[in-house]
Structure formats: C-alpha cells, structure tokens
Amino acid sequence: MTANGQNGSTELTPLLSGEPQEEESSNNATANDSRQPLYDFLEAKSPGGKTYETLIIVLIILNVLSFVFASLFVEEYNPEDWAKRDGGICGSLCDALWFGNYRDNGLQRLQLGATSILELVTIAVFSVEYVLRLHTCDLEGAQFKGVVGRFKYMITFFSLVDLASTVPFYIDALVFRDTDMAGSAFLRMFRLLRMMKVEGRYDTALTMVDDVYRAQKAILGTALFVGLTTWLTVASLYYLVERRSLDMIYCGAAPHCDEDEIDTSLCTIDDWGFADCTKAGCPPTDDLLEPCYNLFQSIPMSSYYTLLNLFGEFPLIDQHSFGGMIVGTITAVVAVAVFALPAGIIGNGFEDEIEKRRNAEEEAPIVEDGGRTEGFVGNSETTRGRLYNFLFALSVPYSVAFDYFVSAMVVGTALTFMVDSLAYLPLSLRYFNDYFELAAVLVFTAEYVSKAYCCQEDPKFAHSAGLWRYSVGFLPVVDLLSVLPYWIEVAVTGTVFSLTGSSFLGNLVKSFRLLRILRFEKYTHAFTSFDDVFSRNKDVLSVTLFTAILFWVFFGAFLYITERDNPDAEMAANYNNVPNAMWMTLLNLAGEAPLCQYSAWGKVATGILGLFATGVFGIPIGILGAGFEQVLEEENEDNTEELQEEVARSSQESDLGSSFEQTCYKFVNGIGSYAARFFETCIYILIFTAVIVGVIQTVDGREDDFATVEWFAVIVFTAEYVIRFVGAGADPEFASGGAGAVSSRLRFIFSFYSIIDLLAIVPFYITIALPGSIVNEYDEYLRMLRIMRLVKLDKYIPSITLIDDVIRLKYNALKVAFFAAITLWILFAALLYLFEVDDVDNGLDDPVPTYGCVEDCTMADRFQNFFDSMVYTGVHLTGDYPITTYNWPSRFVNFFMVIAAVGVVSIPSALIASGFVEIVQSKNKAKQARAGAAPPPPSGGVAGDDWYEVAYRGLEGTEPPPSRFGPKVDAWQIAVNEFLNGKEDETGATHYTFWSYSGRIFIFTIIITNVIAVLLESVPSIDKSVGNQPGNFFDIFEMLSVMVFATEYISRLFCAPKNREALYSTLIYATTFFGIVDFLSTAPWFVQQALIAFKVISYGDDKARIFRIFRIFRILQLEDFVTAFSKLDNVFRASKDILKATGLMALIIWVGCGALFYIFEENNPNWRSCDDSVPVTGNSTEAPGCFDFASTAECNAYYPGLCEQKVFTNMPNSLYLTAVFLGGEWGVIDFTWPGRLVCLFLCVVGIGLYAIPIGALFDSFGAVLGMGGDDDEEEEEGQEA
C-alpha cells in the first residue's frame, strides 16, 4: 500500500485509474527465482493464472450459492414437502454433491462429518493454494522471508481470510466431527472476501477506508460523542415513561404461552420491574422464571429499541404510552437528525473520497445519442422520405398532430390498464377498454412498422445493418415490447376481448403497454442519461456495489444462524432460511427495521447494520441518485431570473393610502414602532397557543378545556383582521397599480391570507350564532380549521408561499426528474400489482374491513387493483417497508426498487429542497440590501459566532484581572485554574502537570462509572440483588460521586476569574453550558435528599428513581473533553435564516397533515380491535359486529370497554404518528383513500420539505465544528466578492 505523496495527491488503484499497473521486481534475484512463474500464476499475472483466477471466482460463487440454497433443504426449519429429504426435490445424492446438510448423505464413510463434494473440492483447492502462497510469499515482499517472515504473512488480511475459509472445515472434520457446528458453515461467507483481490478491489476498499478515517477523524469523535449522548439520553427517557407500561409487556419468547391469546392488561409489574402475567395465562416455569417482561424494564434493554427509533424506525409505534409518544415525537423531530451525524459523516466521507478519486480523472462529457440525426429531413420526393418526415422529422402537415395523438393514446392505454384492474367494472366500460386497447395496439403496430420501414432514410442508419441498429435502440425496443405480447396472446388464445376480468397472463400482456410511457423519453432524455451516470461512476460503483453486496450476504448469513432458532415464532419464520434472511437484511441495509425481537447476537448485528453498514450500503444508491441529479442540472439550467426578480422587487417601495391606512398597515405588520413589533410578537404567541389548545381539545373529555383562551384568541384575530382590512389601502400587495380603496379591499378579502383568517374565525361565530344546528354535528372537524392559523405565520416568515417560486426556479430539472420518478413509480406499481393481486398465501396480521376483508385476510386484499398498488409502491420508493410479507417475485421487484429506484425517485424532493434554500437565501440577501450591507464577520470567526466568541477572541493576550481579596487568593485561583484547565503556552497549546492530568483522568473515570452505575441500577435483577435499603452500594457510590462533582464545581466557580473560557467571570461560567451541566450533575441529588427529609417522597420509591436516572446526564460533563453540545447555539445561529422559513413550513406540514390524518382516519375500522366476545360482523338477526359501527366510540357505547383503537384517536396521537411518517417511517399503512392521498403527498413532497431544516442543521453543525464542505467554500467566495 503506497502512501500519498507530499503533494497531497490521492492514490489510485488499478480499478480507479483505469490503467493496469505492473509491479516491478525489487531485485534481479527475485526476478530470476524459479518460483516466479508459480507466484505469477497465483497472482493472475500470467494467462494461465488469469484463467485460474476466473475459476476461483466461479468456485467462490458456487460456495456462497451452496450455503444459501442449502438452508432451504433443512427439514428442521423448512417443513414444506419439497424441502424434505424423502420425496423432496433434493435427496441424499443432491445433498452429497452440493450442500452437506446431513452426515448420512453417502459421504459418512469418510468420517468427516456433514460435508459435500463441492466442499471437499473447494477445501482441496484452497488448501493447496494456501500452501503454495505460503511457499512463494517472500516474492511479494522481503518482510516475508524466512520462518519469521512466513508467520508475518500468516497474519496479513488475506491470509486470515484464506485460513477462515478452510481451517473451520478441518476443525469440524478432525476435532469436533460428532458435533454440529453450524457457525463453521457460515464461515464460508469469508470466501467472498477473496474476490477483493480481483482488479485491485482490496486496495481500493482498504485505502479508501484509511483516507476517510484520516479526513474525518477530527470531527468523527465529536459526532460519536453527540450520537452516544443522544442515544443514552433518549433511552433513559423511554425507560422512565415506559417501564410500567403494560402494553410493552412481551411474552413472545415463552414457548408455553400463546402471545396472541395473552391480555397484558391482566399482568402486573412489581417494585423491582419484574412482570407477572400468571393471570393473563403465562405463568413462570422452572425453566423460564420470567416468561414475560417489559421491553423497557431497564435502560440497557431500552437502548436497543431506542437505537431503532434513532435510525428512524418505530416497530413499536402503536404500543407506546402517552409519555412514550412525547419522547417518540421529540426523537422523530430532533434526535434522529442529531444521532445521524456519525453515520452521515462516514457516508459523506466515503462520497467525498470517491469524488476526489474520480475527479483525478477527466470527467466524461454528457453524450446524448438520440434515435435519429437531429435536424435531418428526408427526401420528400420518395414515399420513404415523406414517411420519415411525418414520423421522425415532424416537418410535414399533421405530423405534429399525429405525434400528439399517439402520445394521447399512450396516456389512454396506461389509464385503461389502471381502470381495468378494478374488480367491479361495468361491462360497458370493460367493452370500451378492450376496443380502445385494440385500436391503440393497431396504431402502435402501424407506427412501429412504418418507422422500421423508413428509418434507413436517416444517415445514421443508411447502411446494410442500419435496420438492426435502429431496431435495438432504446425507444424501438420499447415500442416492440408494447405491442408484440398482445399479438402473441391473440395468436395463442384466439380471442381479442376479455370481458370477465383478466388472468395473470392477460394482465401481464396489458402491463407491457405501460412501457409506452417511455415514449416521452424523447422529450426529456431522462433514462438515456443513465448511461452517462454509469460511465462517469462505473469505477466507484463497482467497488461500492461489491462492498454493499458483501455486507448484504455476510449479515444475511449471520442473522440466519442467530435467528432461525429464535423462540419468537414470527422472528424464526422470517429467518428460517438464508433467502428469507437476506430479504430482511436487505431491508435492514436500506434503513428499515420491520422486526425487533432479535436474539442478543441479532441485536448486535442489526445495531451494526444501522450504525455503519446502512451508510456504506447507501453509497452506490446515493451515487446513482446524485449522478442522475448532476446530469439533470447540467442539462437543465435553473431559471435564475426568479432570483433576480426577487432582488428587483426588493427595491420597489412606494407610499400608498392615507396616513390612517398606513398606520394600520404598519402596526399590523410590525413595522416602525415598538407597539407594532410587540403586537406582532403577541400574534405569534397567540397563534401557537390557539393551535395547542385546538390539539388538546380533540382528546376525549378535554373538548371544553381552555375555552377562555379560545374566546380571547378569536377576539384578537378578529381585531387583527379588521385592522388588516382597513390597512389594505396602504398594502403594496393590494393597493399597487392605482387600485382604489374598494378594489384594494376586495383584493384583500379574496387573498390567500384573508381566506385563511376567515376559515380560522368564522366557524367559531357560526357555532355561537347557530347552537344545535348542523354546525355542531361537524364541530370536531370545524375545530381543525383553527389549526390553519399556523399558515397565518407565513405572512411574517414566507414559506408555503415560496412553493411557486421554487417550482419556477427548478422547473426544467423538475420536469425531467418527475417524469423519471413517475415512470418508475407506475412501472413498479404495475409489477407489484401483477404479482400480489392473487397472493393468498401471505396472510395479514390484522383484518382490513375498509378493503372488504374481516377475517383471514391476505396480501391480495391489499393489492386488489392498480391504484392500491400505487399507494404501497409510493411508500416503498421513499425507502420504507411497512409491508414485508411479499411473495418471491415481488421481493425481486422490491430489490430493484431498493437498489436503483429509491435514489432516482428522491431527486424531485432533493431539487425542491435545494430550490427552497436558494430562494430563502435570495430573499435574505434582498432584505439585507434594503437594510444596508451586513457587517463583515470578525477575524478568526466561524459560522454562528455570537457575543461569547467575540468576547473570547477579544481577551486574547489579556491578563486576568486581580482578585479583590489580595494576591494570595490570586495565586490560589491561578493554581486551581491550571490544575483544572491546564496552562497554555505561546502557541496556544494546553499543557497539564502530572497531577492535573491525573485529576482529569480521575474525573473522566468517575463520569463513566456513574453512567455505568445508572445503567446497571436500572436492571431489575441487579437492583434487587443490591437492595433499596439506605446505605446500599449504589447510594454510597452516588454520595461519593456527588462530593467529587460538587468539589469540582465549587473549584471551577472559585477559579473562573482566572479562566479565559469563563471570560474571567464567575457569573459567566455559572451561566454557560459547562457551568449549567456541572451544576445539574449534583443538584438533583441534593433536591432528592431534601424531598426525602421533608417526607415529600419516600426513600427507594418510584418517584425517587427519577432523580437517580438524572445522573445519566452526567455524560454531558464529557463536554470538557470533547467539544460538541456547547456549540449548538452557534449551529442554530448559523442556519437561522433557512430554519425560520423551512422550519415554519415543516411545522405547517406536520400539523396540517396530522390534522388531515386525524379527520380521515379517526373512524377507519382498520385500526379497530375488539374483544373475542364481540362478533366480527353481524347480520339482521344478530347483534352488530365489531366492524359494523361507524366509529370505535359507537362500538364502545354498545360493547362498553370491549372495543379498542390505538392510532389516530386524537390530535396528539395523530401528531406523534405524523412526526414518525415525516421521518420516512410508515408504522401503519392501511389508510382510507383520503388518508392514502395525504400519505402520497408526504411521499412525493412532504418528507423532502420536512427534511430541509434537519439538513440545514447538519450543514451548520459541520461548519461550526470545522467539517468544511461546500458551504465553507461558498462563504469564502462570498467574502471575496
């Protein structure tokens, strides 16, 4: 491995450079060594060696496939008839040849245990190769000469890979031949690593990891600290709010209990945290003393489910208590972004390194090879020429009209396919669809034949092979595939019409017509840009894709070994063979966690997947998406006139209206006086207050809470509306262009904001004026209109109204990106519909009465038609998989969605997000231009600096002030400060004495041990063994720790006047992040002791536990060692402009979509469950059933306490779910059709817009902590300008 040169150039491996690199012999003796031909053969430097290398690759792939398919034929885990040894498709001979699952497969006479011919051949080849490599390893480097050198070679990476591939076989065969070591079979997966030798993949991957670490190590430690602190903090909060929750009791690991039959509301949880579900039908046994337990009974247990939440996954979304929902909402809104920093830095580091290496080469230009010669017109004197001009050049009369006609036929055939999938289609409409299909196919066929006839008129195809060259082009192949299956079906079946519905074959034939959508490719060149993306990124794609596949296969095999014996039946069923395990692992690598009850090793593996592997796995997907976006932006320039118009508009100001109208206008818009600004601030506060009140009033029993606040808010908003109405005559938006008093006010009344104001206040007055009317019947929904008051904030901080500006700015690129996204969406939806419409084998866990099924529901009930499939496909294309029970054809479709489509479909959201940022920045520049140039940043500052950083830099070289208590106190303060904070030299480096350094290590150790103590004390078994009596181990340790932290805190207060970081002020230190954290590390203990002394709480009771858990926050004291959270205020200031606009927009989307979900889904019976005593459905002679009621409330009124609904029960619950949805996690999916439309809005636009403020925070965090990047470069360019 060659180190980078001093010029900072990045090393290139053969794969990335594209040129073969020949290794030179170190000396003539090595070149003349008789073993050199053997070494060249092993290293594939000779023709025979290259052939051998190919055979080794084939052998490795065969071994991996053997391991994968062998898992299908293990009777213990796969009871299907085809998997049995006797009567199945793979008997003893098959097992002996390929798999080696059983000892008695015919090879038992070898006494090598369970093995196969393939395994024996592989071991023989690899063993001989390893011996030969050991024999010639000194030719690779002088360090491997002699016996000692051979030992050095044996511990190299690939030598260990070779040993891991072979040694387990010998251990199994010679040492443990009578035991079944399933793990040794898993080690075959290491043979995949041998493929890294091919074409320099090993060097590329390893040097890239090394370069990424060096480039990111300064910030990675900080990010890991932030992530770890966030993880422990959220886990502790979940522990506090969920440890007593009966809904979180899990009995799935108890083999003697049926989890579906256990009513956890009958369980109890004792003071230590142990659950007892004897009354619920799951008592403890001698073998299993704790068959049921709370999933959050300790912080360590809570940490795994918290980790999943921090990945953006909420597998327990409908089981959380109200407190858990609050923590979950905070996690989804804020903590996920903070926790994503480490994985994001790793992923960005890889992408930056890939970009550097790729830029070392000359970037390939964009080449658009269309289907014809642009600008060419055929000979109008010939029939072929005239036909060419009509079909290709579009230069003759009616040719453009015919082109539009064919395009309309394309759209029409797509719509007929979608409509034809509806089960209850009138016969007349089915007749129409079939006739339209026949007409369209005739037109498409005639067009295809005519184009094939005249294509050779074009100079590009004017040669003997021209027809073939044209026929294999992208669009001609699409045209052929859209008609050929139809004529084949007609020839085979002898019928043209199918009036009774469609078979799978019929649907498949019809689905080929959807390919005609790609006809519009000739206008957008979206998909033909993919060849440019692949050619530009082929080298890095081959490396990263291989690495991603390696992760996929390795972790899939590992989880198969760890989870196939999981006592949870659902878990075991999803990991009973390697293909199933790889399907679930694919979803894990895509960032999904549909399951969560893993074994201990499974939790470790999925944790690693979420922390690191998803970042690596996402690189090839990100490269494809980013490459496609780059090509789009290069081919489709932004409409920058939109930005220029904003600056121009900023200079257009004029005095309008009378003085009174101007006074009203300025007052209500916060212009000029202090009273106006105060009124504007009060309106902000009142809007948020009114929205919160509206949310609370949706909770049962809280409908009339805070009615006075609602009255007050309506009166104030009414007064505001009247003032705006009067001031409309001076508002440039309504009074410009010579508008009079009446016309300006009419413009105002029908303006967007006026309508919002009226919708927010008029229903209130109608309810008062018409009590008991129809208005009261819909009062619950009218209350939701009050939430629209949030949109009023757009008047003060434009956000929603910027959407049209963003679309105009990014129109050209959005047009192409949306075409690509919608096309992929339609095609994948059609494929999923084809494969799932008849899938009655994969059942659903719950009934879906909204879709017409109340018992024994299957996937076919979800995919009843194409439109149903569109919804689920749209969710999957955002990267989320709330549905996993697909059949195998659908899993292959989803595989390609995960690999390729997700990156492309996300591009419209990315373009809209970047457009918002540009528009907001443009408006801020215009605002600054009106207010005058902003002062330049102070020298040495970074993004987000405020008064503290300015004051700190101003004290550079300044001596601390003397103490008013005399020089002796000065000396003590200096000594304490140097002990705690070290001493800076002239270069700014901090030095510590032996004792001060030891003190820092001691404090660090105390902090870590305190965190560990909190974790251990939360474990019921440990807590019970220690006991809650006063003076127990944890109490003594806590008291000693508090004394240490209190002493440190007092010492820091004492020496603050000599500490520059405290600005030489005790008060400043006490109010900074460090001082507050130091204070909070001890204050809860003293508060607890005081409450116990005054008998407010009892020693050791549950309330006291809250104070003990607060000790977990002592981890923040590590901020003294790693700077992170103390810079958060800088982060917010650095991104405040974008945060204000996009944050408001995210809030409006969150609350608005939450309200819509609540309105549409509150009475969706899909979310309802009833006691077994309640019939599912009733009829005329029986009592009504669970799903016969219009709402769960009506069900409970008839069957008191026997009907339950856990989701969308009120606005707080709906907001919690929507926050999770906006993070890209669809924990529930079976919506009504109005709810589906809201879901699709979030998938297409909402999630991308919602993510903008999170992305802004991420960028600012990097800028403040010195990550660098594009933002820094832009800042530098701006300062230079």
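Since we're looking at a predicted model, the values are computed, not measured.

The rules we used
Per chain, residue numbering runs from 1 following the sequence as it is written. In view of the model being predicted, local features appear only for residues whose pLDDT reaches at least 70, and side-chain atom pairs are presented and counted only at 80 or more, with totals across whole chains, interfaces and linings using the full set of residues. Hydrogen atoms and water are omitted, and side-chain values are computed over all heavy atoms in the structure. Only DSSP runs of H or I reaching four residues or more are called helices, and only runs of E reaching two or more are called strands; each is numbered from the N terminus. Contacts are residue-level and defined by heavy atoms, with any inter-residue pair within 4.5 Å sufficient. The protein chains shown are the only cover counted for residues, whose accessible areas, like all others here, come from Shrake-Rupley with a 1.4 Å probe. Each salt bridge in this description consists of a side-chain nitrogen of Lys or Arg and a carboxyl oxygen of Asp or Glu lying within 4 Å of one another. Throughout this description, buried means an accessible area under 20% of the type-specific maximum (1.4 Å probe, protein chains only), exposed means over 50%, and partly exposed covers the range between. Sulfur atoms of two cysteines make up a disulfide when they are within 2.5 Å. Points on a 1 Å grid over protein atoms alone make up a cavity when a 1.4 Å probe fits among them but cannot get out, and a pocket when they form an open set with protein on both sides within 12 Å along at least five of seven lines; lining residues each have an atom within 4 Å of a point. Grid points are joined across faces, edges and corners, and a volume is the space filled by probe spheres set on the points. Throughout this entry, Asp, Glu, Lys and Arg are counted as charged residues, while Ala, Val, Leu, Ile, Met, Phe, Trp, Tyr, Cys and Pro are counted as nonpolar. The remaining residues, Gly among them, count as polar. By this rule, a helix spans an expected 1.5 Å times one less than how many residues it contains. Identification of polar contacts relies on pairs of N or O atoms within 3.5 Å, with a donor-acceptor requirement for protein atoms, meaning one able to donate a hydrogen and the other able to accept it, and with residues adjacent in sequence counted only if both atoms are side-chain atoms. Here, nonpolar core refers to any group of buried Ala, Val, Leu, Ile, Met, Phe, Trp, Tyr and Cys residues whose side-chain atoms link them within 4.5 Å. Centres within 6.5 Å make a pair out of two Phe, Tyr or Trp rings, where for Trp the six-membered ring is used; the pair is then stacked when the planes are under 30 degrees apart, edge-to-face when over 60, and tilted otherwise. None of His or the chain ends enter the tally, which takes Lys and Arg as positive and Asp and Glu as negative.

Engineer: Give a description of the overall build of the protein that names residues and reports values.
Structural biologist: When its secondary structure is counted, the protein shows 55 helices and eight strands. The contacts in the protein between residues at least 6 apart in sequence include a share of 73% that link residues at least 24 apart. Total accessible area on the protein stands at roughly 60,300 Å², and carbon and sulfur atoms take up 64% of it.

Engineer: Can you break down the pattern of salt bridges residue by residue, with the values?
Structural biologist: Throughout the structure, instances matching the rule amount to 18 salt bridges. For Arg133, the salt bridge goes to Glu129, with nearest N and O atoms at 2.8 Å. Of this pair, Arg133 and Glu129 both sit in helix 6 (residues 117-136), four residues apart, which is roughly one turn of the helix. Take Arg133: its relative accessible area is 8%, and that puts it in the buried class. Measuring nitrogen to oxygen at the nearest pair gives 3.3 Å for the salt bridge that ties Arg724 to Glu720. With Arg724 and Glu720 both in helix 27 (residues 707-727) and four residues apart, the pair spans about one turn of that helix. For the pair formed by Arg724 and Glu720, the shared burial category is buried. A cluster of three or more residues bridged by salt bridges with shared partners is formed by Glu447, Lys451, Asp479 and Arg516.

Engineer: So what's going on with the state of the cysteines? Which residues, and what values?
Structural biologist: As enumerated under the stated definition, the model contains seven disulfides in all. Between the sulfur atoms of Cys1195 and its disulfide mate Cys1203 the distance is 1.9 Å. Its torsion about the S-S bond being -55°, the disulfide of Cys1195 and Cys1203 is classed as left-handed. A relative accessible area of 0% means that Cys1195 is categorised as buried. We classify Cys1203 as buried; its relative accessible area is 7%.

Engineer: Kindly report on empty space enclosed by the protein, identifying the contributing residues and their values.
Structural biologist: Inspection of the entire model under this criterion finds seven cavities of 30 Å³ or more. The wall of the largest cavity is formed by 10 residues, among which Tyr239, Arg243, Trp272, Gly273 and Gln297 lie closest to the centre. Looking at side-chain class alone, the lining of the largest cavity contains two nonpolar, three polar and five charged residues.

Engineer: If you had to explain unusual backbone geometry to someone new, which residues and values would you point to?
Structural biologist: One non-glycine residue, Ala44, lies in the positive phi region at around 60°. Position of Ala44 among the secondary structure elements: in the loop between helix 3 (36-42) and helix 4 (47-70). Although it is not a glycine, Tyr398 sits at a positive phi angle of roughly 70°. Assignment of secondary structure puts Tyr398 in the loop between helix 13 (383-393) and helix 14 (399-420).

Engineer: Let's hear about helix 35 (residues 811-836): which residues, and what values?
Structural biologist: Between the first and last C-alpha of helix 35 there are 36 Å, a value that for 26 residues agrees with the 38 Å anticipated at 1.5 Å per step. Summarising burial for helix 35: 19 of the 26 residues are buried, a large majority.

Engineer: How would you explain the side chain of Arg516 if you had to name every residue and give the values?
Structural biologist: As for its position among the elements, Arg516 is in the loop between helix 18 (504-512) and helix 19 (521-524). At a separation of 3.0 Å, a polar atom in the side chain of Arg516 contacts the side chain of Glu447. Discounting chain neighbours no more than four positions away, the residues touching Arg516 are Val406, Val410, Phe444, Glu447, Val478, Asp479 and Ser482.

Engineer: With reference to specific residues and values, describe the nonpolar core.
Structural biologist: Phe1157, Phe1208, Phe1221, Trp1226, Phe1231 and Leu1242 are the most contacted members of the largest nonpolar core, which has 154 residues in total. Per element, the largest residue contribution to this core is 15 residues, and it comes from helix 35. If we ignore the near neighbours within four places in the chain, the residues touching Phe1221 are Phe1157, Phe1208, Trp1226, Gly1227, Val1228, Phe1231, Leu1242 and Ile1247. In this structure, Phe1045, Ile1112, Leu1116 and Phe1125 belong to the second largest nonpolar core, which totals 20 residues.

Engineer: Any details on the packing of aromatic side chains? Residues and values, ideally.
Structural biologist: Enumeration according to the criterion identifies 60 aromatic pairs in this entry. Between Tyr575 and Tyr598, the aromatic rings sit 5.8 Å apart at their centres with planes inclined by 65°, giving edge-to-face as the arrangement. Remark: Tyr598 occurs in the loop between helix 22 (578-589) and helix 23 (600-635) and Tyr575 occurs in the loop between helix 21 (569-574) and helix 22; sequence separation between them is 23 residues. Taking relative accessible area as the criterion, Tyr598 reaches 6% and is therefore assigned buried. Taken together, a centroid distance of 6.1 Å and an interplanar angle of 55° make the contact between Tyr1049 and Phe1079 tilted. Here Tyr1049, found in helix 44 (residues 1033-1055), pairs with Phe1079, found in helix 46 (residues 1073-1080); they are 30 residues apart in sequence, far enough to count as distant. By relative accessible area, Phe1079 is classed as partly exposed at 42%.

Engineer: How would you summarise the environment of Cys257 if you had to cite specific residues and measurements?
Structural biologist: Locating Cys257 in the fold gives a position in the loop between strand 1 (249-250) and strand 2 (268-269). Its relative accessible area of 12% is what places Cys257 among the buried residues. Spatially, the C-alpha atoms of Cys257 and Pro291 are 8.3 Å apart, while their sequence positions differ by 34 residues. Not counting the four nearest positions on each side in its chain, Cys257 is found in contact with Ile262, Gly281 and Cys282.

Engineer: I'd love a proper account of the side chain of Glu242, names of residues and values included.
Structural biologist: Counting through the fold element by element, Glu242 comes out in helix 10 (residues 201-242). Buried and without a salt bridge, Glu242 has Arg243 as its closest oppositely charged side chain, separated by 9.5 Å. Here Glu242 is in contact with Met248, Asn294, Phe296, His320, Ser321 and Gly324, once residues within four sequence places are set aside.

Engineer: With reference to specific residues and values, describe the environment of Ser450.
Structural biologist: Along the chain, Ser450 falls in helix 15 (residues 427-454). Residue Ser450 is classed as partly exposed on the basis of its relative accessible area of 22%. Linking Ser450 and Leu387, residues 63 residues apart in sequence, is a C-alpha distance of 7.5 Å. What Ser450 contacts, discounting residues up to four positions off in sequence, is Leu387 and Leu391.

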